[in-house]
Amino acid sequence: MDRENQNLFAALRAAFPSDLDAVAVETDDGLHYSWRDIDRATAMLANLLRSLDLPEGARVAVQVEKSVEAMMLYLATLRAGYVFLPLNTAYQSAEIEYFIGNAEPAVVVCSPAHFGWVSKLAFQAGTRHVFTLGDDRSGSLLERAMHHAAEHEVVRRTSGDLAAILYTSGTTGRSKGAMLTHGNLLSNARVLKDYWGWRTPSQEGADVLLHALPIFHVHGLFVALHGALISGSRMLWMNRFDARRAIDMLRRATVFMGVPTLYTRMLAEPALDRDTVRGMRLFISGSAPLLLETFDVWRERTGHTILERYGMSETLMLSSNPYDPRDGERRGGTVGFPLPGVGLRVRGDDGAPVAAGEVGGIEVTGPNVFIGYWRMPEKTREEFTADGWFKTGDVGRIDERGYVTIVGRSKDLIISGGYNVYPAEIEGFINELPGVAESAVVGVPHPDFGEVGVAVVVPRPTAEVEGAAIVAALKARLANFKIPKHCDVVAELPRNTMGKVQKNVLRDRYKALFSDAPTM
Ligand code: MCA
Ligand code: AMP
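Residues numbered from 1 in each chain as written. Chains lettered and ligands numbered in written order. Predicted model: local features only at pLDDT ≥ 70, side-chain atom pairs only at ≥ 80, totals over all residues. Heavy atoms only, no water.

K.L.:
Just checking my understanding: could you explain the site of ligand 1 for this structure?
P.N.:
Arg265, Ser287, Arg309, Ser416 and Lys485 are the nearest of the 25 residues found near ligand 1. Within the backbone of Gly418, an N or O atom sits 3.0 Å from a nitrogen atom of ligand 1. The separation between an oxygen atom of ligand 1 and a polar side-chain atom of Lys475 is 3.0 Å. Here ligand 1, which alone exposes 1000 Å², has 77% of that area covered by the protein. Elements with a contribution of two residues or more to the shell around ligand 1: helix 8 (218-230), helix 10 (260-267) and strand 13 (307-312). Across the shell around ligand 1, the residue classes tally to ten nonpolar, ten polar and five charged. (Near = heavy atom within 4 Å. Polar contact = N/O pair within 3.5 Å; in protein donor to acceptor, adjacent residues only side chain to side chain. Areas by Shrake-Rupley, 256 points an atom, 1.4 Å probe, with all protein chains shown as cover. Helix = DSSP H or I, 4+ residues; strand = E, 2+ residues; numbered from the N terminus. Nonpolar A, V, L, I, M, F, W, Y, C, P; charged D, E, K, R; others polar.)

Put into structure tokens, the structure is as follows:
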């Protein structure tokens, strides 16, 4: 890689195996892509983007179904030096309108089915280029890219240049764009490559990653994808997770990353046994708490001890249970040790250090920590301490052996099947519905998704309000995974003496709601 060029793509490209005709990606419907295919396709797409004469720092917003071509669009955006902005495919127009208004992308790429309403929103917001990309290689993006050269000089970028914006919301419910630089992404990818023992094709037992996560969030787009690319490892690629299919593909893989729901769904399949995972080297879990029960049952069933790690969109990966037994055992219920180069500390509400083993707010620092929220300098300042550490909003402790345990969150957040659901955002929509006086959304345990939202609604004095009607109204406006799985209409919300809604009382009231629900 050219020393001055710190473009992340340059580092990933340098890790491609020497045999470019080797298979880089195998999809679960039998397609094979070589490393040369990736190099040529990303060059053509990068040349297409460069031909649009976009301003430097231009954002490319993408809301498409997962596909290898969608991955290539991500890599091409890096290669062309622009800023990649992935959007969850479940977002509906109200959500997309916000993101496009906030990020003002120069280019939007959407699925063919959504072109009608997405292009309208985009053009209204000043976007001049809207392309389509289907998960079957259809759409205008690839048609246009076909006319461009398959060679492209990676655009120079410094480590401090912006590479991606990932939207994550806060307690206010309005999403914030976490700005990640080439340096944030590359430093984290390099640390994880070493820490998790990724094996390159030239080494004994080259790795094969089973990639079954969405690529519009950090886990699938950066942690899984960069891990495979920066080690030149082959990927077995699933556009959608299916437990039975995944178990079948594990036979040919060595590394798997998932959110806890993927693990509990595979455990529900009789086909999962020691034989199917005989060739596996590493199972990683993150994005949401892995229940100790899941950790234990997985180990009994497969002989593998899941490695749990902890990260955020704003910071990428922060801590990890050890891969190498010489660094210690993997302890269920913990998120391991701070990664090399990451500073992680626990502070009391007053900002002072807590005694060893005591619970407090987790604060972090390191080259992996983002540079701030897009066009929100105030909000950014609020979330860093005076000495420059990022306040994660997670509550945890560090035990006498240095293991980090997350015990809760000070931010009002539900993590459902690995997706973040912000009560404030849902409450905001419910409170605008006719006849509603106020509402509260709380997270309750769920056997499949880990945690799901329950809405509790108080009608105006004379109004008639139906829970089912509220859910139907939300379904028309919000991404499906955000919709509360239960909605109760009550006379009043429990409040403490300060008049604050006691969400803990509501969580307690509904905590058994899904306890006997089927795990699928
Ligand atoms: C789907 N549904 C959900 C969820 N997913 N409900 C709640 N929570 C969910 N996560 C609902 C849909 O609304 C729909 O309901 C029904 O389930 C079927 O939808 P479908 O899309 O078919 O669901 P699925 O294919 O079964 O998806 C479940 C899933 C998916 C595979 C677990 O949620 C998933 O891929 N999760 C991974 C998320 C992820 O990548 N997280 C990483 C974030 P209805 O029919 O009523 O509409 S990055 C991060 O957190 C940090 C940085 C980190 O540390 O990694
Ligand atoms: P996101 O907002 O998508 O970046 O999600 C980051 C949040 O996910 C963190 O702040 C944690 O609350 C949560 N998280 C990530 N990994 C874990 C984990 N292994 N255990 C518990 N919570 C986690």
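K.L.:
Any chance you could explain the site of ligand 2 here in plain terms?
P.N.:
Near ligand 2 lie 18 residues; those nearest to it are Arg309, Ser313, Asp394, Lys411 and Asn420. The separation between a nitrogen atom of ligand 2 and a polar side-chain atom of Glu308 is 3.0 Å. Lys411 is positioned such that a nitrogen or oxygen atom in its side chain is 2.7 Å from an oxygen atom of ligand 2. Isolated, ligand 2 exposes 490 Å² of accessible area, and the fraction of that covered by the protein chains is 92%. Of all the secondary-structure elements, those providing two or more residues to the shell around ligand 2 are strand 13 and strand 20 (404-409). It is strand 13 that contributes the most residues to the shell around ligand 2, five residues altogether.

K.L.:
It is not clear to me how unusual backbone geometry should be interpreted in this structure. Could you clarify?
P.N.:
With glycine set apart, most residues show a phi of negative sign, and most peptide bonds adopt trans. Non-glycine residue Asp53 carries a positive phi angle of around 55°. Looking at the element boundaries, Asp53 is found in the loop between helix 2 (35-51) and strand 3 (59-63). Positive phi outside glycine occurs at Arg137, with the angle close to 65°. Within the fold, Arg137 resides in the loop between strand 6 (129-132) and helix 6 (140-145).

K.L.:
In this structure, what is going on with the sheet that holds strand 20? I would like to understand it.
P.N.:
Strand pairing in a sheet relies on backbone hydrogen bonds. The paired strands run either parallel or antiparallel. Strand order in the open sheet formed by four strands is 16-17-19-20, with antiparallel pairing between adjacent strands. The sheet is open, and its two borders are formed by strand 16 (343-347) and strand 20, each paired with just one other strand. Adjacent strand axes in the sheet meet at a mean angle of 50°, parallel and antiparallel pairs treated alike. (Pairing = 2+ DSSP bridges. Axes fitted to C-alpha atoms, helices over the stretch in contact; angles between N-to-C directions.)

K.L.:
How do you make sense of helix 11 (residues 292-302) when you look at a structure like this?
P.N.:
Since the α-helix advances by 3.6 residues per turn, residues separated by three or four positions end up pointing in the same direction. Turning to helix 11, its buried residues number three or more, namely Thr294, Phe295, Trp298 and Thr302. Considered in projection along helix 11, the buried side chains sweep an arc of 100° and stay on one side of the axis. Every exposed residue of helix 11 that faces more than 90 degrees away from the buried side is listed here: Glu293 and Glu300. Check the buried side of helix 11 and you find it contacts helix 10 and strand 12 (282-285). Where helix 11 terminates, the next one or two residues include Gly303, which has phi positive at roughly 80°. (Buried < 20%, exposed > 50% of the residue type's maximum accessible area, 1.4 Å probe, protein only. Arc of directions from axis to C-beta. Contact = heavy atoms within 4.5 Å.)

K.L.:
Honestly, the packing of helix 3 (residues 68-79) against helix 8 in this entry has me stumped. Any pointers?
P.N.:
Any two packed helices are characterised by how steeply their axes cross, that is the angle between the axes, and by the distance between the axes. At their nearest, the axes of helix 3 and helix 8 sit 13 Å apart, and the two run at 85° to each other. Relative to helix 8, the element helix 3 lies roughly perpendicular. Here helix 3 contributes Met71, Tyr74 and Leu75 to the contact with helix 8, which in turn contributes Leu221, Phe222, Leu225, His226 and Leu229. Looking at the contact of helix 3 with helix 8 residue by residue, the class counts come to seven nonpolar, one polar and no charged. (Parallel < 35°, antiparallel > 145°, perpendicular 65-115°, else oblique.)

K.L.:
Is there a simple way to explain the nonpolar core in this structure?
P.N.:
In this structure, Met71, Tyr74, Trp196, Phe222, Phe256 and Met266 are the most contacted members of the largest nonpolar core, which totals 161 residues. When residues no more than four places from it in sequence are discounted, the contact partners of Met71 are Val25, Ile38, Ile215, Leu225, Met235 and Trp237. (Core = buried A, V, L, I, M, F, W, Y, C linked by side-chain atoms within 4.5 Å.)

K.L.:
Could you clarify how one ought to interpret the sheet that holds strand 23 (residues 436-446) in this entry?
P.N.:
An order of 23-24-25 is seen for the three strands of this open sheet, with the pairing classed as mixed. With partners counted over all chains shown, the strands left at the sheet margins are strand 23 and strand 25 (486-489), one partner each. Ignoring which end each strand starts from, the neighbouring axes of this sheet average 20° apart. With four bridges joining them, strand 24 (residues 450-459) and strand 25 adopt parallel strand pairing. Within strand 25, the position partnered with Val454 by the bridge is His486. Helix 14 (residues 467-475) rests against strand 23, strand 24 and strand 25 of the sheet, and its axis sits at about 135° to strand 25.

K.L.:
Sorry, what's going on with the pattern of salt bridges here?
P.N.:
For side chains bearing opposite charge, pairing can occur when the charged atoms are close. In the structure shown here, the tally under the stated rule is 33 salt bridges. Linking Glu95 and Lys482 is a salt bridge whose minimum nitrogen-to-oxygen distance equals 2.6 Å. Of this pair, Glu95 sits in helix 4 (residues 93-103) while Lys482 sits in the loop between helix 14 and strand 25, placing them 387 residues apart in sequence. Judged by its relative accessible area of 4%, Glu95 falls in the buried class. (Salt bridge = Lys/Arg side-chain N within 4 Å of Asp/Glu carboxyl O.)

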